[in-house]
Amino acid sequence: MSAAAKRAAELRRQLEEHNYRYYVLDAPTIPDAEYDRLFRELQELEAQHPELRLPDSPTQRVGGAPLKEFAPVIHRLPMQSLNNCFSEEELQDFDRRVREGLGLERVEYVAEPKLDGLAVSLTYENGVLAQGATRGDGETGEDITANLRTIRVVPLSLRDPGPGTRDSGKSGVPKVIEVRGEVYLPRAGFEKMNKEAAARGEKVFVNPRNAAAGSLRQLDPKMTAQRPLALYAYQVGFHQGWTPPKTHAETLAQLRAWGFPVSDLIEVVEGYEGCLDYYRRMEERRAKLGFDIDGVVYKLNDLAGRDELGSVSRAPRWAIAHKFPAEEALTVVENIEFQISRTGALNPVARLKPVFVGGANVSNATLHNLDEIERKDVRIGDTVIVRRAGDVIPEVKGVVLEQRPPHARHAKVPTHCPVCGAEVERAEGDVNARCTNGLSCPAQLHGALQHFVSRRAMDIEGLGEKLLAQLIERGLVHSPVDIYKLGAEQLAGLDRMGEKSAENVIAAIEHSRDSRFERFLYALGIPDVGETTARDLARHFGTLDALEVAALGDLATESDESVKPKDRYPQLRKVPDVGPVVASHICHFFNEPRNRDTIAALLDPRQGGIRWPAPRAAVQGALSGKTLVITGTLAGMSRDEAAALIESHGGKVSGSVSAKTDYLLAGEAAGSKLAKAEKLGVAVIDLDGLRALMKVGPQMDANKRK
Ligand code: IVH
């Protein structure tokens, strides 16, 4: 072998190893720049010696030449489908059939997530990926090898030959092995892809499955290469020169050892009770997974038992899919109405022909804002896809254009607020039209008050939605200030209010007067100022006066043509995460005389009487100058408590992990933040680690490690 060929082989091996560590294990061991350097070196070598450019080279993952059409592939073993069950009874029947077929009392199953993607077949000859195909009709699929090669987690060649390969000849690799799995698009990748498509004015996909299907069937592999597709392997098909293990669980372990991603949600369970328990746990976790699943699959673990049971009409008797209630359904938009939010936005709501979706009857779905209606081109009379996932508010995802009736008509945006009748305006660039009446609009007032009294704002317990509605309707409350003028007798006169509960509400109102600056700021309901921004503003400016002066000063830069856009709002933008949109909202809020009057009245000791402790000088402590992020469930301490503890030792708590983060405080079930911290090399500590840091300080700790 020439020196160039040797080096190319070594580079291929290294790059695939790093690929595997990065994409499959999510634990890279070299910086991206080093990977890029190795990659370029291989590219250059292959350019000088074209004969070294093998199909399993990592450089080929960027996509080769476009095809005219996909060639048919006849599967050597048919790719079967799965029977479905939808209820506990049907699951019990399945388990009974399996037990009776095998003459066993109890049966072990492997329970897997049922990924909502596309089944593919990957054939490796002597350990090298030779062919990739779609399932097609189960007998004949399409040759999509060039596209599958571009998926980073698809091994171009098998890693560690593993223990299951003893009779495969000298090389220790099966002569032929067909691995089956599901290609899917993680939700984050799907959203990113759609965002980019929308920015280019292109059509967006309705769900990750369709997007994955469209991406896999691109004739130009370079297109596929740009789509963030992923794969989970779950089955072995045809093989030669390989002795399968005894159980499916061992097969999956072998697939992992060969370098395939295998879902770590997979478990071995016992009996139908074990299956059911798995189903329920997955159903709970479903919304929080990074990808769509539409159910779970139970497979007989014992492979010999599978042969005994066999198949009926293209589906095995040894496996079944237990489907979740569908999260998406089709229905008709009967009307589009507008609800007024606390900031006056006219939020479009689709009134739907009731449909059962995500386990509930749905007759209303949000359309988010006017921009969305226009982008999705939703009209009254249209058939639409409605999605209800977990506890999330149902939404209209898209229109089935083929089913648009001739009488379909556009929603009419009201020129006047449907609640108070005031004029509606839509500022340039605003995704919403807004009622211009502020807190004089009962709907805005109701929303604003609900926010004002909420737990993380002024925290007035007992002032619920219905009570607030009554207070507004009876003209007892016109602004947050009026809450502080209420008396127990007034409250006791309302529906469903006893004397005792009235007194409790009054006590809660009284109690809320002692507040904190950041809570008060958040309670004001400035558009886009959430809890974190409120806290950062409070910290940065220390006092309301300082914030107001900055806001009014910055407002002058907004419409000043001589100031470059990036130099606008110079004072507010010194605060972390405050960009031009938030800054503009803050400026306009403080510029509105009505808002300034409300604030003054809320703070006036004879009216609202709200107060908070003066800002403390920055605490100096063991954590001074250090930024920490908290994630997961901490044992015996809430995250708020942990944040307070960190701050009391001079540390700063931030919401997101970045290169500037010093420590990630991670509890149970830490997720993406932990992954990111590990990727960035941020130190990860638990509560004991934090306590140790606070005692000794990070400096000494760093010395200790050396
Ligand atoms: S096994 C004979 N396992 O479901 C068994 N399939 O309805 C063949 N699917 O075409 C499939 N997740 O696209 C299997 N963990 C999983 C799966 C899975 C999703 C899909 C696959 C298949 C369809 C069968």
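Just so you know, these numbers come straight off a predicted model, no measurement behind them.

## Section: the environment of isoleucine 393
- If you trace the backbone, isoleucine 393 turns up in the loop between strand S17 (383–387) and strand S18 (395–399).
- A residue is classified by how much of its surface remains accessible, and isoleucine 393, at 62% relative accessible area, is exposed.
- For isoleucine 393 and threonine 366, which are 27 residues apart along the polypeptide, the C-alpha to C-alpha distance reads 7.2 Å.
- Among all residues touching isoleucine 393, those that are not within four sequence positions of it are Thr366 and Arg387.

## Here we look at the pattern of salt bridges
- Tallying each qualifying case throughout the model produces 49 salt bridges.
- A salt bridge links glutamate 88 to arginine 280, with the nearest nitrogen and oxygen atoms 3.6 Å apart. Here glutamate 88, found in helix H3 (residues 88–102), pairs with arginine 280, found in helix H9 (residues 271–285); they are 192 residues apart in sequence, far enough to count as distant.
- A relative accessible area of 47% means that arginine 280 is categorised as partly exposed.
- The shortest N-O distance in the salt bridge between aspartate 377 and arginine 379 comes to 3.1 Å.
- Classification of aspartate 377 as partly exposed rests on a relative accessible area of 24%.
- The structure contains a network of salt bridges with shared partners spanning Arg286, Glu327, Glu328, Arg387 and Lys397.

## Topic: the packing of aromatic side chains
- The tally for this structure, following the rule as stated, stands at 13 aromatic pairs.
- When the centroid spacing of 5.8 Å and the interplanar angle of 40° are considered together, the rings of phenylalanine 94 and tyrosine 109 count as tilted. In this pair, phenylalanine 94 sits in helix H3 while tyrosine 109 sits in strand S3 (residues 108–115), placing the two residues 15 residues apart along the sequence. The two residues phenylalanine 94 and tyrosine 109 agree in class, both being buried.
- Ring centres of tyrosine 279 and phenylalanine 324 lie 5.2 Å apart, and the angle between their planes is 45°; this geometry places the pair in the tilted category. Of the two residues, tyrosine 279 sits in helix H9 while phenylalanine 324 sits in the loop between strand S13 (319–323) and strand S14 (328–340), which places them 45 residues apart along the sequence.

## Here we look at the site of the ligand
- If you check the shell around the ligand, you find 13 residues, and the closest are Glu112, Leu115, Glu182, Tyr234 and Lys299.
- The contact in question runs from an oxygen atom of the ligand to an N or O atom on the backbone of leucine 82, over 3.4 Å.
- The separation between a nitrogen atom of the ligand and a polar main-chain atom of leucine 115 is 3.1 Å.
- Coverage of the ligand by the protein amounts to 88% of the 520 Å² it exposes when considered alone.
- Elements supplying a minimum of two residues to the shell around the ligand: S3 and strand S10 (293–300).
- A total of four residues in the shell around the ligand trace back to one element, the largest contributor, which is S3.
- Residues belonging to the shell around the ligand are distributed by class as follows: seven nonpolar, one polar and five charged.

## Regarding the pairing of S13
- Taking burial as the measure, the five residues of S13 include five buried ones, the bulk of the element.
- Because side chains alternate across S13, one face comprises the buried residues Ala319, Ala321 and Lys323, and the other comprises Ile320 and His322, equally buried.
- Bridge count for S10 against S13 is five bridges, and the pairing is antiparallel. The residue of S13 that forms the bridge with lysine 299 is alanine 319.

## Here we look at a negative patch on the surface
- Together, Glu108, Asp302, Asp307 and Glu308 line one region of the surface with negative charge.
- Assignment of secondary structure puts glutamate 308 in helix H10 (residues 303–309).

## Considering the sheet that holds strand S5 (residues 128–134)
- With antiparallel pairing, four strands are arranged side by side in an open sheet as S5-S4-S7-S8. Each edge of the sheet is formed by a strand with only one pairing partner; in this case those strands are S5 and strand S8 (230–240). Mean inter-strand twist for the sheet, computed between neighbouring axes without regard to direction, equals 25°.
- Here strand S4 (residues 118–125) pairs with strand S7 (residues 176–184) via eight bridges, running antiparallel. Paired with threonine 123 across the strands is glutamate 178, a residue of S7.
- Across the face of the sheet, helix H6 (residues 208–216) comes into contact with S4 and S7 while running at roughly 40° to S4.

## A look at the sheet that holds strand S24 (residues 683–685)
- Strands sit in the order S22-S21-S23-S24 across an open sheet of four strands; the sheet is parallel. Because the sheet does not close on itself, it has two edges, and the strands there are strand S22 (652–654) and S24. Strand-to-strand twist across the sheet, computed as the mean angle between neighbouring axes with direction ignored, equals 35°.
- Where strand S21 (residues 627–631) lies against strand S23 (residues 663–666), four bridges are found, and the strand directions are parallel. If you follow valine 629 over to S23, its bridge partner there is leucine 664.
- Docked against the sheet, helix H22 (residues 639–648) engages S21, S22 and S23, running at close to 165° with respect to S21.

## A closer look at the pairing of strand S15 (residues 346–357)
- Sheet topology note: the S14/S15 ladder contains seven bridges and is antiparallel. Each bridged residue has a counterpart across the sheet, and for isoleucine 336 the counterpart in S15 is alanine 350.
- Bridge analysis of S15 against strand S16 (residues 360–366) gives six bridges, and the strand direction is antiparallel. For phenylalanine 356, the partnering residue across the bridge sits in S16 and is asparagine 361.

## Things to note about H22
- For H22, every residue scored as buried is listed here: Ala642, Ala643 and Ile646. Along the axis of H22, the buried positions cluster into a sector of 100°, meaning they face one direction only.
- Following H22 by one or two positions, glycine 650 adopts a phi angle in the positive range, close to 90°.

## What about H3?
- Compared with an ideal rise of 1.5 Å per residue, which puts 15 residues at 21 Å, H3 spans 21 Å between its outermost C-alpha atoms and is within 8% of the ideal.
- Restricting attention to buried positions, one finds in H3 the residues Leu91, Phe94, Asp95, Val98 and Leu102. All buried residues of H3 project into a common sector of 95° when viewed along the axis, lining one side. The exposed residues of H3 that point more than 90 degrees off its buried face are Glu89 and Glu100.
- Directly beyond the C-terminal end of H3, a positive phi value near 65° is found at glycine 103.

So, how was this worked out
Residues numbered from 1 in each chain as written. Predicted model: local features only at pLDDT ≥ 70, side-chain atom pairs only at ≥ 80, totals over all residues. Heavy atoms only, no water. Helix = DSSP H or I, 4+ residues; strand = E, 2+ residues; numbered from the N terminus. Buried < 20%, exposed > 50% of the residue type's maximum accessible area, 1.4 Å probe, protein only. Contact = heavy atoms within 4.5 Å. Salt bridge = Lys/Arg side-chain N within 4 Å of Asp/Glu carboxyl O. Phe/Tyr/Trp six-rings, centres within 6.5 Å; stacked < 30°, edge-to-face > 60°. Near = heavy atom within 4 Å. Polar contact = N/O pair within 3.5 Å; in protein donor to acceptor, adjacent residues only side chain to side chain. Areas by Shrake-Rupley, 256 points an atom, 1.4 Å probe, with all protein chains shown as cover. Nonpolar A, V, L, I, M, F, W, Y, C, P; charged D, E, K, R; others polar. Pairing = 2+ DSSP bridges. Patch = residues over 30% accessible without salt bridge, like charges linked within 9 Å, V, L, I, M, F, W, Y side chains within 5 Å. Lys, Arg positive; Asp, Glu negative; His and termini not counted. Charge placed at Lys NZ, Arg CZ, Asp CG, Glu CD. Axes fitted to C-alpha atoms, helices over the stretch in contact; angles between N-to-C directions. Arc of directions from axis to C-beta. Expected span 1.5 Å × (residues − 1).

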